[in-house]
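# Close look at the chain arrangement
So the chains spell out like this:
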Amino acid sequence: MRAAVLREGRVVYRDDVPEPVPGPGQVLVAVRSCGICGSDLHFAAHRDEMLALSEQMGASVGADRNRDVIMGHEFSAEVIEAGPDTDTHPPGTLVTSTPVLLSAEGIVPIGFTDRTIGGYAERMLLSAPLLLAVPNGLDPRHAALTEPMAVGLHAVNKSTIQRDETALVLGCGPIGIAIIAALRVRGVETIVASDFSIKRRELAATMGAHQTLDPAQGSPFDTVRPKVVFEAVGVPGIIDDVMRRTPAGSRIVVAGVCMQPDTVHPFFAIAKEINIQFVLAYNPNEFAESLCAIAEGQIDVAPVITGEVGLEGVGAAFNDLTDPERHCKILVTP
């Protein structure tokens, strides 16, 4: 089987990956489309560090650092066959799923360990109880974006933002864009987005931002007084700067993933009684809700897709995604 694998920090193409065999409760599927996520770029660059930090929390995924990992957790796929004693959708059904595999060893994440096969492959295994049939004849490419849109929805839900509260989204990469889309569906009346990239600011406006700002021209906080700030940048210093500049009584939702140690001055948050909420991923209901929002036309994900590659081109796509003026979301089509 063909796949793109992570090996020693680089994504390389293989055509000799063993075929997966579904066990009880599992389903063999053919990958139709899979998005390249910022988390994949982080994992490729910081694999050992991420695994070590997970182990410190007692949340080890049991990965072997010396083995290839097939990443890819934003996917749509077509059912091929079910494992023994497994009832599921008929062959040919287009599905998606939260990216975890249920097995005798417990719940194993898809795309971040050598114990599962992710969407950068021709075929993979999914868990029958977690499958969601893709409705309304939705394009498989668009269905693959259910996962990142669910990340944005979860951040918005955690913020408890109200329609009349001003939202400021810092960073208009895929996470920031997903947050903007969720805010728009929520009916938030003032959505402001900030990013250095003109292309990303244009995309933010397309996805629902009412105003876009270039931080190179001055702090966004000089222009807008937000009630809720969504931090989707993920670099050291951002959280501290937001706490220093944001109005008293505001709420900060941290969705960006910073992989370096960071320093903050708690005094800013204490003096202003700022509420800070860190967020990760989504719950199953939010995943299903995001699929419905895309399928029913509430969220048009087409503008987010800026490129497509085959399995042989995944490595080059990782490099291309470092340029914000070129790409937002590249899809892998096995």
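No experiment lies behind these values; they were computed from the predicted model shown. (Residues numbered from 1 in each chain as written. Predicted model: local features only at pLDDT ≥ 70, side-chain atom pairs only at ≥ 80, totals over all residues. Heavy atoms only, no water.)

## Observations concerning the overall build of the protein
Note the following rule: Each helix corresponds to a stretch of at least 4 residues labelled H or I by DSSP, and each strand to a stretch of at least 2 residues labelled E; elements are numbered beginning at the N terminus. Throughout, a contact is declared for two residues whenever any of their heavy atoms are within 4.5 Å. In these tables, accessible area is a Shrake-Rupley quantity obtained with a 1.4 Å probe, and a residue counts as shielded only by the protein chains included in the view.
A tally of regular secondary structure across the protein gives nine helices and 17 strands. The principal-axis extents of the C-alpha atoms in the protein amount to approximately 60 × 40 × 35 Å. The contacts of the protein with a sequence gap of at least 6 include a subset with a gap of at least 24, amounting to 71%. Taken as a whole, the protein presents about 14,700 Å² of accessible surface, with 51% of it coming from carbon and sulfur.

## Some details on the side chain of Glu-286
How we decide: Only protein chains enter the accessibility calculation, which uses a 1.4 Å probe. A residue is then buried if its area is under 20% of the maximum for its type, exposed if over 50%, and partly exposed in between. The sign given to each residue is positive for Lys and Arg and negative for Asp and Glu; His and the chain ends receive no count. Salt bridges, as used here, are contacts in which a Lys or Arg side-chain nitrogen is within 4 Å of a carboxyl oxygen on Asp or Glu. Two N or O atoms count as a polar contact when they lie within 3.5 Å, although within protein this holds only if one can serve as hydrogen donor and the other as acceptor, and sequence-adjacent residues are included solely when both atoms are side-chain atoms.
Of note, Glu-286 is situated in helix α8 (residues 284-295). For the buried Glu-286, no salt bridge exists, and the shortest N-O distance to an oppositely charged side chain is 7.2 Å, to Arg-186. Within the structure, the side chain of Glu-286 is placed 2.8 Å from the side chain of His-154, a separation counted as a polar contact. Among the polar contacts made by the side chain of Glu-286, one reaches the side chain of Asn-157 at a distance of 2.9 Å. When near neighbours in sequence (up to four residues on either side) are disregarded, Glu-286 contacts Ala-150, Leu-153, His-154 and Asn-157.

## Details of the nonpolar core
Cut-off, in case you're wondering: As used here, the term nonpolar core means buried Ala, Val, Leu, Ile, Met, Phe, Trp, Tyr and Cys residues forming a set that is joined through side-chain atoms within 4.5 Å. For each domain, the first and last residues come from an automatic or database assignment.
Grouped together as the largest cluster of nonpolar side chains are 42 residues, with contacts concentrated most on Ile-180, Leu-183 and Phe-230. In terms of residue count, the dominant contributor to this core is helix α4 (residues 174-186) (seven residues). Shared between two domains, this core holds at least three residues of each, these being domain 1 (3-133 + 301-332) and domain 2 (149-278). Within the second largest apolar cluster, 41 residues are counted, among which are Val-12, Val-95, Leu-126 and Leu-131.

## Points about the side chain of Asp-195
Counting through the fold element by element, Asp-195 comes out in the loop between β11 (191-194) and α5 (198-207). Lacking a salt bridge, the buried Asp-195 has Arg-200 as its closest oppositely charged neighbour, with an N-O distance of 4.2 Å. Setting aside anything within four residues of it in sequence, one finds Asp-195 in contact with Gly-171, Cys-172, Gly-173, Arg-200, Arg-201, Leu-213, Asp-214 and Pro-215.

## A closer look at α4
Basically, it comes down to this: Given a helix with a known number of residues, its expected span is that number minus one, times 1.5 Å.
In a regular helix each residue adds 1.5 Å, so 13 residues correspond to 18 Å; α4 covers 18 Å between its end C-alpha atoms and thus fits that length. All of the buried residues in α4 are Gly-176, Ile-177, Ala-178, Ile-179, Ile-180, Ala-181, Ala-182 and Leu-183. Looking at the buried positions of α4, the neighbouring elements they touch are α3 (146-159), β10 (167-170), β11, α5 and β13 (228-231). Just beyond α4, the residue with positive phi is Gly-187, at close to 85°.

## Here's the deal with the domain arrangement of the protein
Often the size quoted for an interface is simply the accessible area lost on bringing the parts together. Here is the rule we go by: Summed over both partners, the accessible area lost on bringing two parts together, with a 1.4 Å probe, is the buried area. Residues are sorted three ways: Asp, Glu, Lys and Arg are charged, Ala, Val, Leu, Ile, Met, Phe, Trp, Tyr, Cys and Pro are nonpolar, and all the rest, Gly among them, are polar.
Under the domain assignment used here, the protein contains domain 1 (3-133 + 301-332) and domain 2 (149-278). Relative placement of domain 1 and domain 2: their C-alpha centres are 28 Å apart. For the domain 1 and domain 2 pair, buried surface summed over both sides reaches about 1,100 Å², with 69% attributable to carbon and sulfur atoms. Of all residues in domain 1, Pro-324, Glu-325 and Cys-328 bury the most surface against domain 2, accounting for 39% of the area lost on that side. Linking domain 1 with domain 2 are zero salt bridges, by the criterion used here. Scanning the region where domain 1 abuts domain 2 turns up three residue pairs in polar contact (both at pLDDT 80 or more). Here the side of domain 1 that touches domain 2 takes five residues from helix α1 (residues 38-56), the largest share from any one element. In the side of domain 1 that touches domain 2, the residues fall into seven nonpolar, three polar and three charged.

## Regarding the environment of Asp-240
Along the chain, Asp-240 falls in helix α6 (residues 238-245). The class for Asp-240 is buried, based on a relative accessible area of 12%. Along the primary structure Asp-240 and Arg-186 are separated by 54 residues, whereas in three dimensions their C-alpha atoms are 28 Å apart. Not counting residues up to four positions away in its chain, the partners in contact with Asp-240 are Thr-263, Val-264, His-265 and Phe-268. Only 2.6 Å separates the side chain of Asp-240 from the backbone nitrogen of His-265, close enough to count as a polar contact.

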